[in-house]
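Descriptive structure summary
This is what each chain is made of:
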Amino acid sequence: MAALGAGYESPVSPSTADSPQLLNPRGSSLRKVLILYTGGTIGMARGEDGSLGPIPGALRRRLQSVDELNQELFPQCFFDEFDPLLDSADMCPEDWCTMASCIERHYYDFDGFVVLHGTDTMAYTASALSFMLEQLSKPVILTGSQLPMEEPLTDARSNLLRAVIIAGRADLTEVCIFFGSKLFRGNRCKKMDANALTAFDSPNFPELAVVGTEVKIHHRLLCNPPKGRFRVHLMTVTEVIVVCVVPGFSDSFFDSVATAGNVKGVILLLYGCGNAPARKTSFLAACSKLVTAGIVVVACSQCIHGNVELEKYAVGRAFAECGVIPGHDMTAEATVTKLAYLLSKGLSPGECRKVMQDNLRGEMFSPAKTLDVSSSWTDLQSPCSP
Ligand code: ASN
């Protein structure tokens, strides 16, 4: 079981210096990109025990000596970093808010943003930012690397240079992850490989662009530009837990989840297209109890590809009848951050259940659904295409 925001004892929440420093004076002054280094392998070095940790200031100094950045092809890059820098395993929703607020403060000073981030939780951060940055009309590109900048086989340099080019030049209005040679929609991504340099994939949605000898952007797949003014809605409600169902699991803890009053959402990772043990009547009863207690219960799949269709099998239908809603083809990363975002907007459980099934930022594609853009949802960004 995993909880979204609980129990972080970090003595200091990261802040940013907020006076971004120019890295490449000979880059084109016609375009400006803010690079925000939050931590992660890309700027790490090995300590005496051989383990990797981030070194404050080191990445900035290193980037100032990267010759390629000092060409007209590149936008002028300004650099800021988290203090303290974090391994992304240490990231929590408060850190996502720090990133969102930094982008908000500098939104009108830059044409695009590159967030350098550890790979382990990059997909969660990208999903969270995609929801918090409402009416986004500029590129926000997350990248990082599997190896530190200084190591001989590093992917750091190429990931960073390519992400900067995309953030400075492409007409993107969404949060993306660039990794290896591909640009993905951020809220569709998963880290798929702990070792490979092509660590990310977007299993239920094609890549948005591929970088080879040229940058090929699939314009048809991009989010539509927003109609309203940019703003940030911070994620403040994070009492969402994720439960991975395995055969014969113990479900007794659900009782305390339903009665404790501090859990607002439960994401169930079920089998296949949203199947779970309906024969286990205690689990069905637990799900009903959660829903009755006003907790939003969403079904995702343990499968990487495909769509949750609770009605397809009798075992799945039984859970739909208890009030469990399908997460369709969303990743668990997108589902958990979307639910926390909607809860943070003050939506009631009933409203959350409805909007969870709407496509807000291209995070899901549900052919049977059309988006209700009427009345109170006008403050949510219009859906991405398709
Ligand atoms: N542990 C690192 C992180 O997520 C892994 C990486 O960046 N490759 O910060």
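Residues numbered from 1 in each chain as written. Predicted model: local features only at pLDDT ≥ 70, side-chain atom pairs only at ≥ 80, totals over all residues. Heavy atoms only, no water.

**Some points on the overall build of the protein**
Across its full length, the protein holds 9 helices and 21 strands. Its C-alpha atoms give the protein a radius of gyration of 21 Å, near enough to 21 Å, the size a compact globule of 386 residues would have. C-alpha atoms of the protein, sized along the principal axes, occupy 65 × 50 × 35 Å. Partitioning the contacts of the protein with sequence separation of at least 6, the portion at a separation of at least 24 is 75%. For the protein, the computed accessible surface area is about 16,100 Å², with 53% contributed by carbon and sulfur atoms. (Helix = DSSP H or I, 4+ residues; strand = E, 2+ residues; numbered from the N terminus. Rg over C-alpha atoms; globule rule 2.2 N^0.38 Å. Contact = heavy atoms within 4.5 Å. Areas by Shrake-Rupley, 256 points an atom, 1.4 Å probe, with all protein chains shown as cover.)

**A word on the packing of aromatic side chains**
Ring pairs (aromatic) are described by centroid distance and by the angle formed between their planes. Considering all chains together, one arrives at 11 aromatic pairs under this definition. Taking the centre distance of 5.0 Å and the plane angle of 90 degrees together, the rings of Y107 and Y108 count as edge-to-face. By relative accessible area, Y107 is classed as buried at 1%. Residue Y108 is classed as exposed on the basis of its relative accessible area, which comes to 54%. Of the aromatic side chains, those joined through ring pairs into one cluster are F78, Y107, Y108, F110, F113 and F230. The ring of Y107 carries K138 above its face, with NZ or CZ at 4.7 Å from the centroid. Against the face of F249 rests K280, its NZ or CZ located 4.9 Å from the ring centre. (Phe/Tyr/Trp six-rings, centres within 6.5 Å; stacked < 30°, edge-to-face > 60°. Buried < 20%, exposed > 50% of the residue type's maximum accessible area, 1.4 Å probe, protein only. Lys NZ or Arg CZ within 6 Å of the ring centre and 35° of its normal.)

**Let's talk about the site of the ligand**
Every residue close to the ligand is listed here: G40, T41, D87, S88, G118, T119, D120, S145 and Q146. Take T41: an N or O atom from its side chain is 3.0 Å from an oxygen atom of the ligand. D120 is positioned such that a nitrogen or oxygen atom in its side chain is 2.8 Å from a nitrogen atom of the ligand. For the ligand, whose unbound accessible area comes to 270 Å², protein coverage reaches 90%. A per-class count over the shell around the ligand returns no nonpolar, 7 polar and 2 charged. (Near = heavy atom within 4 Å. Polar contact = N/O pair within 3.5 Å; in protein donor to acceptor, adjacent residues only side chain to side chain. Nonpolar A, V, L, I, M, F, W, Y, C, P; charged D, E, K, R; others polar.)

**Structural notes on the pattern of salt bridges**
Across all of its chains, the model carries 15 salt bridges by this definition. A salt bridge links E151 to R46, with the nearest nitrogen and oxygen atoms 2.9 Å apart. Taken as a pair, E151 in the loop between strand 10 (140-143) and helix 4 (156-169) and R46 in strand 5 (residues 44-46) lie far apart in primary sequence, 105 residues in all. Given a relative accessible area of 48%, R46 falls into the partly exposed group. Across the pair K338 and E363 runs a salt bridge, and its minimum N-O distance is 2.6 Å. With a gap of 25 residues between them, K338 in helix 8 (residues 332-344) and E363 in the segment after helix 9 (349-355) connect regions that are remote in the sequence. Just as K338 is buried, E363 falls in that class too. (Salt bridge = Lys/Arg side-chain N within 4 Å of Asp/Glu carboxyl O.)

**A word on empty space enclosed by the protein**
The full count for this structure, using the stated rule, is 2 cavities of 30 Å³ or more. When its volume is computed, the second largest cavity comes out at roughly 30 Å³. In this structure, the second largest cavity is lined by L34, L36, C102, I103, F113, V114 and V115. Elements with a minimum of two residues in the lining of the second largest cavity: strand 4 (28-37), helix 2 (93-106) and strand 8 (112-116). (1 Å grid on protein atoms, 1.4 Å probe; cavity = no way out; pocket = protein on both sides within 12 Å on 5 of 7 lines; lining within 4 Å. Points joined across faces, edges and corners; volume = space filled by probe spheres on them.)

**A word on the state of the cysteines**
By definition, a disulfide is the covalent link that joins the sulfur atoms of two cysteine residues. All chains considered together, the criterion is met by 0 disulfides. Free of any disulfide, C92 has its nearest neighbouring cysteine sulfur in C97, separated by 8.8 Å. Taking relative accessible area as the criterion, C92 reaches 9% and is therefore assigned buried. (Disulfide = S-S within 2.5 Å.)

**Regarding the UniProt feature "active site" (unreviewed entry) in the protein**
Residues given the UniProt feature "active site" (unreviewed entry) here are T41 and T119. Separation in sequence by 79 residues is not matched in space for these annotated residues, since their most distant C-alpha atoms are only 7.8 Å apart. Examined against the element boundaries, T41 turns out to sit in the loop between strand 4 and strand 5. Residues in contact with T41, not counting those within four places in the same chain, are L52, S145, Q146, L147 and P148. If we skip the residues at most four places from it in the chain, T119 touches S88, S145, Q146, F179, K191 and F200. (UniProt positions renumbered as here; feature names shortened; annotations may be inferred.)

**A few points about unusual backbone geometry**
Here the amide bond leading from D83 into P84 is cis, since omega sits at 0 degrees, within 30 degrees of zero. Its location among the elements puts P84 in the loop between strand 7 (75-83) and helix 2. One non-glycine residue, Q135, adopts positive backbone phi at about 55 degrees. Within the fold, Q135 resides in the loop between strand 9 (133-134) and strand 10. On the basis of relative accessible area, Q135 is assigned to the buried category, the value being 10%. Of note in the backbone geometry, H328 takes a positive phi value of approximately 50 degrees without being a glycine. Take H328: it is sitting in the loop between strand 21 (325-326) and helix 8.

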